[in-house]
Amino acid sequence: MIRHPMWVISTVVCCSLTLGLVGCDYWPPALQAEIEQLRSETQTMTMEKIQLQAQVSDLSKTKQELQEQVDGLSRISREKTGMITSLQNQLDAVRARALKAMNPKAPSHKTPTKPTMKARSASKISPKAPVNKSPAPKAGGVR
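Because the structure is a prediction, the values reported are computed rather than measured.

Cut-offs applied
Residues numbered from 1 in each chain as written. Predicted model: local features only at pLDDT ≥ 70, side-chain atom pairs only at ≥ 80, totals over all residues. Heavy atoms only, no water. Helix = DSSP H or I, 4+ residues; strand = E, 2+ residues; numbered from the N terminus. Areas by Shrake-Rupley, 256 points an atom, 1.4 Å probe, with all protein chains shown as cover. Patch = residues over 30% accessible without salt bridge, like charges linked within 9 Å, V, L, I, M, F, W, Y side chains within 5 Å. Salt bridge = Lys/Arg side-chain N within 4 Å of Asp/Glu carboxyl O. Buried < 20%, exposed > 50% of the residue type's maximum accessible area, 1.4 Å probe, protein only.

A. Highlighting the overall build of the protein. The helix and strand tally for the protein stands at three helices and zero strands. Taken from the N to the C terminus, the helices and strands of the protein come in the order α-α-α. Total accessible area computed for the protein in this model is approximately 13,900 Å², and 65% of it derives from carbon and sulfur atoms.

B. Region of interest: a nonpolar patch on the surface. Together, Trp7, Val8 and Val12 line one region of the surface with nonpolar side chains, adding up to about 310 Å² of accessible area. One can find Val8 in helix α1 (residues 3-22). Given the relative accessible area of 37%, Val8 is considered partly exposed.

C. Spatial organisation of the pattern of salt bridges. Taken as a whole and judged by the stated rule, the model has two salt bridges. Arg39 is the salt-bridge partner of Glu36, the closest N and O atoms lying 3.1 Å from each other. Taken together, the positions of Glu36 and Arg39, both in helix α2 (residues 29-102) and three residues apart, correspond to about one turn of that helix. Given the relative accessible area of 47%, Glu36 is considered partly exposed. Residue Glu79 is joined to Arg75 by a salt bridge in which the shortest nitrogen-to-oxygen separation is 3.2 Å.

Below you can see the structure in the form of structure tokens.
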């Protein structure tokens, strides 16, 4: 009788070791379906991640190109602002010389005043009529 409990214990240990070494390949169908669903979701998410990374890359390139355009336009704007300021200064100088030439009796020690922004904008809206330098016709000369 002593051999009987030993025999049962050794049989149980042998079966446990055998199953442990061989492993169990049985997966319940519900678990297999869930695993397949998780695999397909993982593949879907991986594809979406790749697409999003490509979109981010494209948007980064587009952002960089647009930033370069903005920088170029800012540079051009600064250049044009400088040109406009220079032309306004030249126009003011020409106007001052024209006023001096038209009024030679004016004292030379006075400096011409620059027109204000209001006067500049008014002169842009309604330019002065050109000065007619030809002599006026005589009243009784033509028959």
